[in-house]
Structure formats: structure tokens, C-alpha cells
Amino acid sequence: MRLVEPKRTARPPGSAKLPKMVTLILAAAFVSLSAGCSPSTTTRQEVKTQTEQPAPSPSQQLALLQWAPANHKAIQALIDDFGIRSKNYNKDKRPYAVFDWDNTSAFNDVEETLLTYQLTNLQFKMTPEQFVSAIKKNIPKDNFKKEFNNKAGKPVRIDLISEDLNSDYKYLYENYKGFKGTKSLEEIKAAPQYQDFVAKARYLYEAIGGTFSPDVSYPWVTYLFSGMTEKEVRQLAGASIDYNLKDAIGEKTLTSPSELPGQAGVVEVKIKTGLRAFAEQQNLYKMFMDNGIDVYICSASFIDVVKQFASNPKYGYSLPEDHVLAMELERDAAGVIQSEYRKGYDQTQGKGKTKTIERFLVSKYGHGPIFVAGDSDGDTAMLTDFKDMKLGLIVNRLKGGEIGELSKTAANGIGTGNAKYLLQGRDDNTGAFRNTEKSVSLGSTEEKLLK
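A. Here's a closer look at the overall build of the protein. Of regular secondary structure, the protein possesses 15 helices and 16 strands. Within the protein, residue pairs in contact and separated by at least 24 positions form 69% of the contacts whose partners lie at least 6 positions apart.

B. Here's a closer look at helix 10 (residues 230–246). For helix 10, built from 17 residues, the straight-helix expectation of 24 Å at 1.5 Å per residue is met to within 8% by its first-to-last C-alpha distance of 24 Å. Within the span of helix 10, buried status applies to Val-233, Arg-234, Leu-236, Ala-237, Gly-238, Ser-240, Ile-241 and Asn-244.

C. Focus on the packing of aromatic side chains. Under the counting rule described, the total for this entry stands at 32 aromatic pairs. Centre to centre, the rings of Phe-124 and Phe-197 are 5.9 Å apart; their planes meet at 80°, and the pair counts as edge-to-face. Taken together, the residues span a long stretch of sequence, with Phe-124 in the loop between helix 4 (110–120) and helix 5 (128–136) and Phe-197 in helix 8 (residues 192–211) at a distance of 73 residues. Classification of Phe-124 as buried rests on a relative accessible area of 6%. Phe-197 gets classed as buried once you look at its relative accessible area, which sits at 0%. For the pair Tyr-176 and Phe-179, a centre-to-centre distance of 5.6 Å together with 85° between the ring planes defines the contact as edge-to-face. According to the relative accessible area criterion, Tyr-176 is buried, its value standing at 10%. Through successive ring pairs, a cluster of aromatic residues spans Phe-99, Trp-101, Tyr-285, Phe-288, Phe-309, Tyr-315, Tyr-317 and Phe-371. Across from the ring centre of Tyr-345, 4.6 Å away, lies the NZ or CZ of Arg-359, which sits over that ring.

D. The packing of helix 3 (residues 69–82) against helix 11 (residues 279–290), seen in detail. For the pair helix 3 and helix 11, the least separation of the axes is 10 Å and the interaxial angle reads 20°. Regarding the angle of helix 3 to helix 11, the classification is roughly parallel. Judged by the sense of rotation from one axis to the other, the crossing of helix 3 with helix 11 is right-handed. Residues Ile-75, Leu-78 and Ile-79 of helix 3 pack against Leu-284, Met-287 and Phe-288 of helix 11.

E. Local environment of the sheet that holds strand 6 (residues 294–302). Spatial ordering of the open sheet is given by 7-6-1-10-11-12, a layout of 6 strands whose pairing is parallel. Only two strands of the sheet have a single neighbouring strand rather than two, namely strand 7 (324–327) and strand 12 (421–424). Across this sheet, the average inter-strand angle for adjacent strands is 15°, counted without regard to direction. Here strand 1 (residues 96–99) pairs with strand 6 via 4 bridges, running parallel. Looking across to strand 6, one finds that Ala-97 is bridged to Val-295. This element, helix 3, spans strand 10 (371–374), strand 11 (391–395) and strand 12 of the sheet and lies at about 135° to strand 12.

F. Inspection of the environment of Asp-168 at higher detail. Residue position: Asp-168 is located in helix 6 (residues 158–175). Residues Asp-168 and Pro-192, 24 residues apart in the sequence, show an inter-C-alpha distance of 8.8 Å. With residues near it in sequence (within four places) discarded, Asp-168 still touches Gln-193, Asp-196, Phe-197 and Leu-260.

G. Spotlight on the nonpolar core. In terms of nonpolar packing, the biggest core is built from 97 residues, with Ile-75, Trp-101, Phe-144, Phe-197, Phe-288 and Phe-371 touching the most fellow members. It is helix 8 that contributes the most residues to this core, 10 residues altogether. Every residue in contact with Phe-197, bar those within four places of it in the chain, is listed here: Leu-119, Leu-122, Phe-124, Phe-131, Leu-165, Asp-168, Tyr-169 and Leu-172. If you look at the next biggest cluster of nonpolar residues, it comprises 20 residues, including Leu-361, Met-382, Ile-403 and Tyr-421.

H. Just the pairing of strand 12, in detail. Here strand 12 shows no split at all, with Tyr-421 and Leu-423 on one side and Leu-422 and Gln-424 on the other all buried. Of the pairings in the sheet, the one linking strand 11 to strand 12 comprises 4 bridges and is parallel in character. When the sheet's bridge partners are listed, Leu-393 is paired in strand 12 with Leu-422. Chirality of the crossover, the property in question, places the unit of strand 11, helix 15 (residues 401–412) and strand 12 among those that are right-handed.

I. View of the packing of helix 4 against helix 10. At their nearest, the axes of helix 4 and helix 10 sit 9 Å apart, and the two run at 100° to each other. Taken together, the axes of helix 4 and helix 10 lie roughly perpendicular to each other. Listed contacts from helix 10 to Val-110, Thr-113, Leu-114, Tyr-117 and Gln-118 of helix 4 are Leu-236, Ala-237, Ala-239, Ser-240, Ile-241, Tyr-243 and Asn-244. Each residue belonging to the contact of helix 4 with helix 10 can be placed in one class, and the counts come to 8 nonpolar, 4 polar and no charged.

J. Examining the confidence of the model for the protein more closely. Of all residues in the protein, 87% attain a pLDDT of 70 or more, and the chain-wide mean is 90. Taken together, the stretch residues 1–53 has pLDDT below 50 and engages in 10 contacts with residues farther than four places along the chain or on a different chain.

K. Representation of the environment of Leu-115. Residue position: Leu-115 is located in helix 4. Look at Leu-115 and you get buried, because its relative accessible area is 1%. Sequence separation of Leu-115 and Val-198 is 83 residues, and the distance between their C-alpha atoms is 9.8 Å. Among all residues touching Leu-115, those that are not within four sequence positions of it are Arg-202, Tyr-205, Val-221 and Leu-224.

L. Local environment of a positive patch on the surface. Side chains of Lys-272, Lys-399, Lys-448 and Lys-451 sit close together on the surface and give a patch of like positive charge. Within the secondary structure layout, Lys-399 lies in the loop between strand 11 and helix 15.

M. Helix 8, seen in detail. Between its first and last C-alpha, helix 8 extends 27 Å over 20 residues, near the 28 Å set by a 1.5 Å rise per residue. Summarising burial for helix 8: 14 of the 20 residues are buried, a large majority.

What counts, and at which threshold
Residues numbered from 1 in each chain as written. Predicted model: local features only at pLDDT ≥ 70, side-chain atom pairs only at ≥ 80, totals over all residues. Heavy atoms only, no water. Helix = DSSP H or I, 4+ residues; strand = E, 2+ residues; numbered from the N terminus. Contact = heavy atoms within 4.5 Å. Expected span 1.5 Å × (residues − 1). Buried < 20%, exposed > 50% of the residue type's maximum accessible area, 1.4 Å probe, protein only. Phe/Tyr/Trp six-rings, centres within 6.5 Å; stacked < 30°, edge-to-face > 60°. Lys NZ or Arg CZ within 6 Å of the ring centre and 35° of its normal. Axes fitted to C-alpha atoms, helices over the stretch in contact; angles between N-to-C directions. Parallel < 35°, antiparallel > 145°, perpendicular 65-115°, else oblique. Left-handed = near helix turned anticlockwise from the far one by under 90°. Pairing = 2+ DSSP bridges. Core = buried A, V, L, I, M, F, W, Y, C linked by side-chain atoms within 4.5 Å. Right-handed = clockwise from strand over helix to strand, strands pointing away. Nonpolar A, V, L, I, M, F, W, Y, C, P; charged D, E, K, R; others polar. pLDDT = per-residue confidence, 0-100. Patch = residues over 30% accessible without salt bridge, like charges linked within 9 Å, V, L, I, M, F, W, Y side chains within 5 Å. Areas by Shrake-Rupley, 256 points an atom, 1.4 Å probe, with all protein chains shown as cover. Salt bridge = Lys/Arg side-chain N within 4 Å of Asp/Glu carboxyl O. Lys, Arg positive; Asp, Glu negative; His and termini not counted. Charge placed at Lys NZ, Arg CZ, Asp CG, Glu CD.

Quick look at the structure:
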């Protein structure tokens, strides 16, 4: 985040320069008063007493921006009560906060938008054999839910669609110059195999996530980084973030070509587009850190991807890289990523977030976080499992499920002045916070408090 130097104070509009004679008279009066009113010891003591409790400086004050006013007040109170200005602050037992990343710290999902970018730009470092192994890894052979039936109404399952994707990838691998071929990306985009590949791979991600448990679906997308190093993943993530921060916020439909139905048939999937940084969260990260409250991320996206967004100063969050907890994969001796979840590590979703925080943070600090922020069912465990938590923030996505129930608790606390959970509204059409607890869904203008 770039700091802007304060502007010099300008003469108020319409004010005129005082005439020289008036200036001299005022100066003489000032000298006379000064001579007769030099500060006494008592006056100096009074001044000292008045300045013993200075007002918070701008660096200690959370910017209002588009926070719901009650949320802003509650978070500022937390900073005042637990930050370095508190008389009870203990630098040897520092307080800390934990944030989810996607849709909590930033608008939309950095992993999902990266998947679309990776597919459309054919950014892979796998052979066809490695690719098909990665997309089938740990996926049950059951049919996907009915909502993911193909355009003809027939069920789809992994063994059918993996055959189609394997065929597509082999064609691309032999013909695209980014692999072994000679065709440019623009030339290869005209091929039905390319169009089929992008639509079916993106569909597969949604079908797996919408059909099977998170412990199956969450690691799956990370396996597509197999063969890359951390540096390569972060370069890819940076290119995707840059693109998606400029891309329009919205929704679009991908449909596989009818001339290439394959085994799975023609499939269709709706995807969200665009990314945005939340200025309020950027500022809150900084205010916490400036006030001696450490900040951590616990995200279900891949660790190298989150680091690129959260730790690269160009994106305005500037979080230390070792403060990112996220999904991990095995790497070989040369640092090349493997399509296997890291042994001994919990998946950072659901209860796995709590376990990860306990393992790496509670063991370090001796206590739980005082502040936790999330937006979905995958965050409810860490929002409710820590007795030391003083304040929980829920970015309001108008969702049901476990987070919906917790959102009701937050809604019931509005106006009480002592709510443990805060509900923060946002506008899905702009990717920005709203100065209320109510949110507006994509394509709507109606504000709502709960689903």
C-alpha cells in the first residue's frame, strides 16, 4: 500500500491576505499578551496532564471507508483494548488475528480465477499421462449430482470426462508450441479440442466440488500445478491476479462444442469472473500490524497462490510470507510440485483450519486468535472453536448452511453494542464492501441481511 504524503494546508477559498497595517496590529497584540501570560509551573503541569492520554494517531485509527459503522467501531475498540496502546499489552504474549483469504480478504476466489486463466492460457508442465493421472486422483467413480448432467440430461462421471480431457490434452500437447507443437495460442484456440478442454476441465472442477466432500474437491485443483516450482506457480498466479483485477466482475457460461461430444457429451458450466482487493481489509491488516496485533491467513487455496496475492506489496496487503497457512502439496528434492497432498499436514478447510491454527499458532503464542474473519461453511470451525476469540467477522455472502446460522447470530447482535460476531455487507456487482451489514447479490439491486 503506497503511503501518500499529507498535502500542505492551503488558504481557505475566498480568504484574502490581511492588509499590512492589520498584520502589524495583531502582531503587537500577540507580543503584549505573551509578555503578560508566560506559562507558569501549574500551567505546564496542566498541559502534561491533558496529554498523558493522547488521542490515537492516524496510524492507530482504522479508516472508516465502507465498513458498517457498528463494525468499524467494534474493530477499533478491539485494537484499542488489545493493541500496543493498551496498558495490558504484553509484547511477549502478542495477540493475533486470523483471516480466510478468498471472499473474505479479497473479492472472489483467487484459486478459481487462476484455474480459468491456467486453462485458457494452457499453462501446464505435465505430460498427457501425468495430466490424466492428476485429474482422476482420489475422485470417486460415482455419477456427479443431477445438476451436473450433460446437455442431453445424461449423468456424467469421472471415467467418462477424463477420457475426453485426456484426448483433448494429447492433441494440445502435440500441436501447441507451448508444449511440443508449432501452433500459437491464438491458432490453437480455434481448435474444437481446445474449446472442449477448457469447458470440460472447468466443468469438472465445479462438478467435483458440488458432488463430493471438500476433502476430495479442495486438493483436486491444486494437483494441476504438478511439475511446477514455487517460482513458476507464483509467476502464473501473478499474471492471473493482474488479469482478473482488471477483468469485469460478472458471470459467464462455458459450453463444450457440440461437434466434439466425446464420452461425457456436451456440458455447460457457469463461472464467476473478476477479482478485487478489499480496501477495508488491506487497511485492517495494516492497522492490526501497526498496533502490535499479528496477522495470519488460513486459506483453502494453494499456499504459493495465496502468498503471491497476500505478500506481494504491489497488491496492498504486504503480509509476511511465513504468515500464510494454506493447502500444501509434496515437492521433490528440486522443489518440483507433486500431485500428492503434503504428508502430515491437515487440509486447511473446515476442522482442518482449526487444527492448522492449533498446530502452528496456538503452540507458538500459547493462546488462540482474538479475531477471526471468514465467509463460508469452511470457516465456521475457526470462527467458533477458539475461546480466546473476542470478535468474529463474517463477510456477508447471503449463504445458508453453517455460516448462515452464524450469520443469524451476528444479525441478532446488530445494535446491541456487544456483539461477538459482526456481519459485513458487500456488493457482488462491484466487488466492494457496503457501509451496512446488508449485501447485494450479483445481478440484483436489492439489499438483504440474510439469505
